[in-house]
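Spelled out, the chains give:
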Amino acid sequence: MSLSGLITPLCSISSTSDSSRIASNVKMKNNSTALCLEDTKERIKNMFNKVELSISSYDTAWVAMIPSPASPHAPFFPQCLNWLLDNQLFDGSWGLPGRHPLLMSDSLLSTLACILALKQWGTGEDQINKGLQFIESNITSIKDEKQQPPIGFDILFPSLVESAQNLGINLPIGAASFEAMIQKKEIEHQRGSQSNSEGWRAYLAYVSEGMMKSQDWKTIMKYQRKNGSLFNSPATTAAAFQHLKNNDCLNYLQSVLEKFGNAVPTVYPLEIYARLCMIDSLERLGIAHHFKEEIRGALDETYRNWLQGVEEIFLDPTTCAMAFRILRLNGYDVSSDPFYQYSEDKFANSLKGYLKDVGAVLELYRASQVIIHPDESVLAGQKTWTRHLLKQESSPYRLYADKLRSYVDHEVSDVLNFPYHANLERLLNRRSMEHYNVEETRILKTSYRSCNLANQEILKLAVEDFNICQSIHSEEFKQLARWVIESRLDKLKFARQKLAYCYFSGAATLFSPELSDARMSWAKNGVLTTVVDDFFDVGSSEEEQVNLIQLVEEWDVDIDTDGCSETVKIIFSAIRSSICAIGEKSVKRQGHNVKNKVINIWLNLIRSMFREAEWLRTKTVPAIDDYMQNAYTSFALGPIVLPALYLVGPKLSDEVAENNELDCLFKLMSTCGRLLNDIHSFKRESEEGKVNAVTLRISHSNGLITAEDAIEEMKGIIEDKRIELLRLILQEKGSIVPRDCKDLFWKMTKVLHLFYMKDDGFTSHEMHSSVNAVLKEPVVFNELLVDAQQNRILCQSC
């Protein structure tokens, strides 16, 4: 049975008589669009050279409050004080311009911190008054449960209020409101102190500027990093320096100011994380192929930092998980050992665990899916507990999710429903575009933005690139529809018509315009293997089966004088024309014709199918090893995947083409597919009297194995084979097969897992929608922006 065996037919897309003209128009339009996008690509490339971070008025205020060592009545960093004077917003607040409606608490916190800094140095009376008016107008918002408070707000804001009172500032806050704030601060203390966890202690250290006199400053210095900071937070570091005059703290603050001028961001450094996010976005949006050189440079640098044990990676579970996943999937040799520090108990007892950071859990779960060694139990355990947390609708990690990140639920749903091994690129690309937030605001102790983390240029390029590819796919599909008719394959009434799905499986994975030859070969051979599978199953006599094998063996025969049936003529002619076309296409990429190699691939398939037909005719029950040795070939992936190896770009010498590495990749991929199919179809095939891995396992067990046991056993084998396959694909040392070629085996594995995702409800209706999403329905950029704006409005009403 071929891979399309379980899918119901889909109506063909009609062709047009003037398709050549349409194709020409499409090409002209695409060329024009491509030229316009070159500038966009250049701007995105430049983002790899510099990570942009928004300035934090909150953190800048804390740095401005540090007194000079020469005089306690003058600021150490007057440039920060001047920045505060020059950067008050029109409404009297300080903070990010274009504030999100749910970030009022953030604005109140930043504004009050800036007022304190100005008051401390006796300057900016007008700015102070405007700031106080802003606080008076918006103070009631702190009672609004819809608001998204910054991390530590319930500790930091009351502390600033007390400091303001000590400075004689008449804050427009009623006694009742102040008492309510103090009460919330006490509740926050009680919640944490009851746990007495390391996560709670790290949290208190992170918000040290809000603890002031009650903080044991020498104790919190255990959190100081090699760069001199505490938690890479300028505000925390500034507060620590005020109390301890630590030179490393000072050096850190001076280095940040040297980079950003006269103000500081809320977190620094962030380069590794930001570049990884950027690479991840480009990959998820399907446009990473435009930036291969820039991505390789960024990953080489990340790998060097990984090997050096840089704190920016290893002290943050989110960055560590993302670096591990992206590096490993791009062929770098990275160990999973760092994840022992992020076991379930240790993570729960960490700062991000205490903060219920769902983003960190998501990244740890994604990282756990790239197991490539049988002894990576740390990743297996990580996969279990992170998945459990994400699946719980009432999980505190879901409930505490940042309200501004409205796509968090989409991300969680996506990662749970479509694991890495079943996530077709083009479907992932489309979902990622639909959920991409061009104005994403992140929140720590205050809000921040970075064009490296979210960027309208990136989304626009992704949309245009997707639509260009889709228009090419549409024309290719019309060509294939004509080929089916011209080859008279539509006349074979016993054969399933699976053109849309066969082409979809190629277009959803080999989507780049330059891969047209590989895509067409993939789709044509998908159609032909389905026809041949049905021919050996139900559409032929034994004589016709033997006749077809003989024709392929002899090859250069005149079928009009051979005396074969019309069915055999149609099938052989289609196979021969397809193989000859592949041979001709291969010349320009390989320098020689690979026709004979493809003939042998087809011979291996039809001989294995004939053997299965013989077992059925003679009611033979083979040993399971004999069955599997034949079945991984009869599953019919050979003619689909193997000829495409010669059409994706790299040259394959005879040494590579005949190497055991390719055989191993093919066998692992096909074994996964065969067992997935047999699990799905064993009941029906049992009723038809056909042999099947599941039924054979049951029958050879002398009644000791149930169907459920056999299926679970097969699932375990599939997982082991999949892990081994991914290891061989990612392994560079000792491999002679080019990565672009190896990737085809993983792409087909993804197709198989998606098509057979029965338990997750991937029904034929969903498949129909997926085909349309890739082949027919363009993405509209302006609609995505409208959707983002509607989500912003929805956030306010939630």
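Residues numbered from 1 in each chain as written. Predicted model: local features only at pLDDT ≥ 70, side-chain atom pairs only at ≥ 80, totals over all residues. Heavy atoms only, no water.

A. View of the overall build of the protein. Helices and strands together make up the secondary structure of the protein, namely 37 helices and 2 strands. Taken along its principal axes, the extent of the C-alpha atoms in the protein is 105 × 65 × 45 Å. In the protein, of all internal contacts separated by at least 6 residues, the share reaching a separation of at least 24 is 74%. Charged side chains in the protein number 86 positive and 103 negative. The centres of these two groups are separated by 1 Å. (Helix = DSSP H or I, 4+ residues; strand = E, 2+ residues; numbered from the N terminus. Contact = heavy atoms within 4.5 Å. Lys, Arg positive; Asp, Glu negative; His and termini not counted. Charge placed at Lys NZ, Arg CZ, Asp CG, Glu CD.)

B. Main features of the environment of Ser110. Looking at where Ser110 falls in the secondary structure, it is placed in helix α4 (residues 104-120). The class for Ser110 is buried, based on a relative accessible area of 1%. Along the primary structure Ser110 and Leu696 are separated by 586 residues, whereas in three dimensions their C-alpha atoms are 69 Å apart. If we skip the residues at most four places from it in the chain, Ser110 touches Ser57, Tyr58, Trp94 and Thr446. (Buried < 20%, exposed > 50% of the residue type's maximum accessible area, 1.4 Å probe, protein only.)

C. Spotlight on a negative patch on the surface. The grouping of Glu554, Asp558, Asp560 and Asp562 at the surface amounts to a negative patch. Mapped onto the secondary structure, Glu554 falls in helix α26 (residues 542-554). (Patch = residues over 30% accessible without salt bridge, like charges linked within 9 Å, V, L, I, M, F, W, Y side chains within 5 Å. Areas by Shrake-Rupley, 256 points an atom, 1.4 Å probe, with all protein chains shown as cover. Salt bridge = Lys/Arg side-chain N within 4 Å of Asp/Glu carboxyl O.)

D. How the structure looks around the nonpolar core. Counting 266 residues, the largest nonpolar core has Phe157, Phe339, Phe504 and Phe745 as its most contacted members. Considering every element that reaches this core, the biggest residue donor is helix α23 (residues 456-486), with 11 residues. Discounting residues that sit within four places of it in the chain, Phe157 has contacts with Leu108, Leu109, Leu112, Ile139, Ile173 and Met181. (Core = buried A, V, L, I, M, F, W, Y, C linked by side-chain atoms within 4.5 Å.)

E. Representation of the confidence of the model for the protein in the model. With 92% of its residues at a pLDDT of at least 70, the protein reaches an overall mean of 90. Counting contacts from residues 1-23, a segment whose pLDDT is below 50, to residues more than four positions away or on other chains yields 58 contacts. Confidence drops under a pLDDT of 50 for residues 793-798, and excluding neighbours within four residues, the segment shows 9 contacts in the predicted structure. (pLDDT = per-residue confidence, 0-100.)

F. Seen up close, helix α5 (residues 125-138). Compared with an ideal rise of 1.5 Å per residue, which puts 14 residues at 20 Å, α5 spans 20 Å between its outermost C-alpha atoms and is within 8% of the ideal. For α5, every residue scored as buried is listed here: Gln127, Ile128, Gly131, Leu132, Phe134, Ile135 and Asn138. The buried residues of α5 occupy an angular sector of 155° when the element is viewed end-on, so they sit on one face. Residues of α5 that are exposed and angled more than 90 degrees away from the buried face: Glu125, Asp126, Gln133, Glu136 and Ser137. Among the structural elements, α3 (78-86) and α4 are those in contact with the buried residues of α5. (Expected span 1.5 Å × (residues − 1). Arc of directions from axis to C-beta.)

G. Structural detail: the packing of aromatic side chains. What the rule picks out here adds up to 21 aromatic pairs. Measuring from centroid to centroid gives 6.1 Å for Phe76 and Phe241, while their planes differ by 65°, and the two rings are edge-to-face. In this pair, Phe76 sits in the loop between α2 (57-64) and α3 while Phe241 sits in helix α10 (residues 234-244), placing the two residues 165 residues apart along the sequence. The partly exposed category is assigned to Phe76, whose relative accessible area is 21%. Overall, the relative accessible area of 5% leaves Phe241 in the buried class. Note on Trp200 and Tyr203: the rings are 5.9 Å apart at their centroids and 35° apart in plane angle, and the pair reads as tilted. With a gap of 3 residues between them, Trp200 and Tyr203 both fall in helix α8 (residues 198-206), about one helical turn apart. Put simply, the rings of Trp306, Phe314, Phe324 and Phe339 touch in pairs and so form one group of aromatic residues. Directly above the ring of Phe418 sits Arg431, whose terminal nitrogen or CZ lies 4.2 Å from the centroid. (Phe/Tyr/Trp six-rings, centres within 6.5 Å; stacked < 30°, edge-to-face > 60°. Lys NZ or Arg CZ within 6 Å of the ring centre and 35° of its normal.)

H. Seen up close, the pattern of salt bridges. Taken as a whole and assessed by the stated rule, the structure comprises 44 salt bridges. Here Asp517 and Lys588 are joined by a salt bridge, their closest N and O atoms 3.0 Å apart. Taken together, the positions of Asp517 in helix α25 (residues 516-537) and Lys588 in helix α27 (residues 566-590) put the pair 71 residues apart, joining distant regions of the chain. The exposure class assigned to Asp517 is buried, which follows from its relative accessible area of 12%.

I. Looking closely at the environment of Asp517. Sequence separation of Asp517 and Pro78 is 439 residues, and the distance between their C-alpha atoms is 64 Å. A distance of 3.0 Å separates the side chain of Asp517 from the side chain of Lys588, its partner in a polar contact. (Polar contact = N/O pair within 3.5 Å; in protein donor to acceptor, adjacent residues only side chain to side chain.)

J. View of the packing of α10 against helix α11 (residues 247-260). Their axes nearest at 9 Å, the elements α10 and α11 cross at an angle of 140°. As the angle between them shows, α10 and α11 are arranged oblique. Handedness of the α10/α11 crossing: left-handed. Contact residues: Pro234, Thr237, Ala238, Ala240 and Phe241 in α10; Cys249, Leu250, Tyr252 and Leu253 in α11. The class makeup of the residues in the contact of α10 with α11 is 8 nonpolar, 1 polar and no charged. (Axes fitted to C-alpha atoms, helices over the stretch in contact; angles between N-to-C directions. Parallel < 35°, antiparallel > 145°, perpendicular 65-115°, else oblique. Left-handed = near helix turned anticlockwise from the far one by under 90°. Nonpolar A, V, L, I, M, F, W, Y, C, P; charged D, E, K, R; others polar.)

K. Region of the structure containing the side chain of Ser229. Among the structural elements, Ser229 can be located in the loop between α9 (217-220) and α10. According to the relative accessible area criterion, Ser229 is buried, its value standing at 0%. A distance of 2.8 Å separates a polar atom in the side chain of Ser229 from a polar atom in the side chain of Asn227. At 3.0 Å, the side chain of Ser229 forms a polar contact with the backbone nitrogen of Asn232.

L. Looking closely at the environment of Phe466. By the element assignment, Phe466 lies in helix α23. The class for Phe466 is buried, based on a relative accessible area of 2%. In the structure, Phe466 is positioned 33 residues away from Met433 in sequence and 9.8 Å away in space, judged by C-alpha atoms. Leave out the neighbours within four places in its chain, and Phe466 touches Arg426, Arg430, Met433, Ala773, Val774, Glu777 and Val779.

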